[in-house]
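# Close look at the chain arrangement
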Amino acid sequence: MQLVKAPRDAVLRPLQVVSGIVERRQTLPILANVLLRRDGERLSFTATDLEIQIQTSAEFGASKDSGATTVSARKLVEILRALPDSEVQLSYANRKLSIQAGRSKFNLQTLPAEEYPTVAQAPAAVDFTIPASSLKYLLSMVHYAMAAQDIRYYLNGMLLVIEGTRVRGVATDGHRLALCEFEREDTAGAIEVIVPRKTVQELGRLLPEGDEPVRIQVAANQVRFSFGSVELVSKLVEGKFPDYTKVVPANNPKTFLIDRNELMQALSRAAILTTDKFKGVRWVLSPGSLKVSSTNTDQEEALEEIEIDYDGESLDIGFNVTYLLDVLSNLKAERVRVSLGDALGSALITLPDSDRFKYVVMPMRI
């Protein structure tokens with residue numbers, strides 16, 4: 001059975017869309033495979049890790065053949081990448097997938113398509129659409145604050161909140177918190193769900209830059225994102241997300257504007273002398289000046305001084321430099337607003353011309 005005969009990139013592109021969720025180590029061997037299904041003009045590609053499922057398809061012209069099989073996603077991607085940019089043919093016979101391009105030919109072992117564990121899709125309770133660019137921006141502004149493999153499993157993801165026309169994303173790892181929101185044109189039912197970390201990362205990779213609509217369907221324990229020819233289905237994280245509204249400082253009087261790039265470069269230089277175990281940098285705020293310093297166990301020191309428009313009280317406070325660099329590298333604004341309280345209070349980083357983004361970072365002892 002001939003699955004497809006087409007230019008290499010026409011096959012490789014949809015395959016790369018789905019193969020990102022395939023892990024190298026699997027509890028079930030078939031989960032290392034991608035499901036290929038030919039039906040008329042359409043060839044569909046499906047991958048799953050039992051928590052997330054991504055499916056996309058492409059049309060390759062009429063074919064009298066139809067059928068399905070599964071094959072190693074990693075091997076198929078690597079073979080197609082290595083082949084020259086020419087026409088390739090994928091054929092299936094005798095439990096082997098044949099890949100042929102010019103004088104190159106490969107035969108890969110397959111597993112039966114009927115054994116592939118696709119994710120059962122639940123009926124949606126809430127169904128709405130938002131522009132792809134808005135959702136991609138939301139994810140980019142908060143994703144870095146998600147926890148990774150935290151025992152508090154509800155932190156290993158992003159809280160997605162819909163309130164009327166407002167869409168909000170919140171992420172925290174217990175040491176810092178990022179919040180971003182935007183307005184939609186129409187309203188949807190109120191929801192508050194935790195989208196897993198891996199799903200957030202895949203969406204950030206797959207979402208287009210334009211205003212193409214993304215359909216979001218939320219069920220009791222599942223969410224489905226559909227855009228273009230891509231459909232991503234994911235389980236939701238069960239649990240109660242912390243009350244983020246209590247984390248954002250309400251009154252930090254020591255406030256100043258600072259050039260984002262200048263602060264980021266100063267922090268990057270000071271970070272050179274920090275260690276893997278201790279990423280602390282010291283901020284000394286005084287009228288007209290912000291001094292950033294770091295030291296290490298070898299008694300080495302780094303000191304950076306930035307001129308700022310500030311005439312308030314002085315402050316000596318420490319932060320994890322990684323948490324500061326994460327937010328500054330993801331923001332695109334020329335300047336940021338920093339609001340501080342006392343040496344034991346959280347810092348609040350916002351944008352000068354918008355209240356749609358907030359970043360809270362806890363201090364650390366230096």
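Below is a summary of the structure that appears in this document.

Criteria and thresholds
- Residues numbered from 1 in each chain as written.
- Predicted model: local features only at pLDDT ≥ 70, side-chain atom pairs only at ≥ 80, totals over all residues.
- Heavy atoms only, no water.
- Core = buried A, V, L, I, M, F, W, Y, C linked by side-chain atoms within 4.5 Å.
- Buried < 20%, exposed > 50% of the residue type's maximum accessible area, 1.4 Å probe, protein only.
- Contact = heavy atoms within 4.5 Å.
- Helix = DSSP H or I, 4+ residues; strand = E, 2+ residues; numbered from the N terminus.
- Polar contact = N/O pair within 3.5 Å; in protein donor to acceptor, adjacent residues only side chain to side chain.
- Salt bridge = Lys/Arg side-chain N within 4 Å of Asp/Glu carboxyl O.
- Pairing = 2+ DSSP bridges.
- Axes fitted to C-alpha atoms, helices over the stretch in contact; angles between N-to-C directions.

## Some points on the nonpolar core
Side chains that are nonpolar tend, in soluble globular proteins, to be buried together. Counting residues in hydrophobic clusters, the biggest one holds 108 residues, and the most contacted among them are Leu36, Leu76, Leu90, Phe256, Leu267 and Trp283. Other than its neighbours up to four places away in sequence, Leu76 contacts Leu15, Val34, Leu36, Val71, Leu90, Leu97, Ile99 and Leu108. By size, the runner-up hydrophobic cluster in this structure holds 12 residues, among which are Val161, Val170, Phe241 and Leu348.

## Remarks on the environment of Glu238
Secondary-structure assignment places Glu238 in the loop between strand E14 (230-235) and strand E15 (254-259). Here the alpha-carbon distance between Glu238 and Val11, two residues 227 residues apart in the chain, equals 37 Å.

## Thoughts on the side chain of Ser289
Relative to the helices and strands, Ser289 resides in strand E17 (residues 289-295). In this structure the side chain of Ser289 is engaged in a polar contact, spanning 2.9 Å, whose partner is the side chain of Glu305. Dropping the residues within four chain positions of it, Ser289 is found in contact with Val284, Glu305, Ile306 and Ile308.

## Brief notes about the pattern of salt bridges
One pass over the structure, following the stated rule, counts 20 salt bridges. Across the salt bridge formed by Asp326 and Arg176, the nearest N and O atoms sit 3.2 Å from each other. Of this pair, Asp326 sits in helix H6 (residues 321-330) while Arg176 sits in strand E11 (residues 176-196), and the two are 150 residues apart along the sequence. Two residues, Arg356 and Glu183, come together in a salt bridge whose shortest N-O distance is 3.4 Å. Placement of Arg356 in strand E22 (residues 354-361) and of Glu183 in strand E11 is noted, with a sequence separation of 173 residues between them.

## What to know about the sheet that holds strand E18 (residues 301-307)
Within the open sheet, the four strands sit side by side as E18-E17-E16-E19. Their pairing is antiparallel. Either end of the sheet is taken by a strand with one partner, and the two such strands are E18 and strand E19 (315-320). Recorded for the sheet is a direction-independent mean angle of 20 degrees between the axes of neighbouring strands. Summarising the sheet, E17 and E18 pair through seven bridges and their orientation is antiparallel. Bridge pairing links Thr295 to Glu301 in E18. Helix H5 (residues 260-271) rests against strand E16 (280-286), E17 and E18 of the sheet, and its axis sits at about 170 degrees to E18. H6 contacts E16 and E19 of the sheet and is inclined by roughly 80 degrees relative to E19.

## Some words on the sheet that holds strand E6 (residues 87-93)
Here 12 strands make up an open sheet; going across it, the order is E1-E6-E7-E8-E5-E2-E3-E4-E14-E13-E12-E9 and the pairing antiparallel. The open sheet has two free edges, formed respectively by strand E1 (2-7) and strand E9 (126-131), since each of these has just one partner strand. Pairwise comparison of adjacent strand axes, ignoring direction, gives a mean angle of 20 degrees for this sheet. Note: strand E13 (residues 222-227) against E14, six bridges, orientation antiparallel. The partner of Ser226 across the bridge, within E14, is Glu231. Packing of helix H1 (residues 8-19) onto the sheet brings it into contact with E1, strand E2 (33-39), strand E3 (42-48), strand E4 (52-59), E6 and E14, and relative to E1 it is tilted by some 110 degrees. Sheet contacts for helix H4 (residues 197-206): E4, E13 and E14; angle to E14, the most-contacted strand, approximately 165 degrees.

## A closer look at the pairing of strand E20 (residues 335-340)
In this sheet, E20 lies alongside E15 in antiparallel orientation, the contact comprising six bridges. Looking across to E20, one finds that Thr255 is bridged to Ser339. Bridge analysis of E20 against strand E21 (residues 347-351) gives three bridges, and the strand direction is antiparallel. Along E21, the bridge assignment pairs Ser339 with Leu348. Counting the residues between successive antiparallel strands, the hairpin from E20 to E21 contains six residues.

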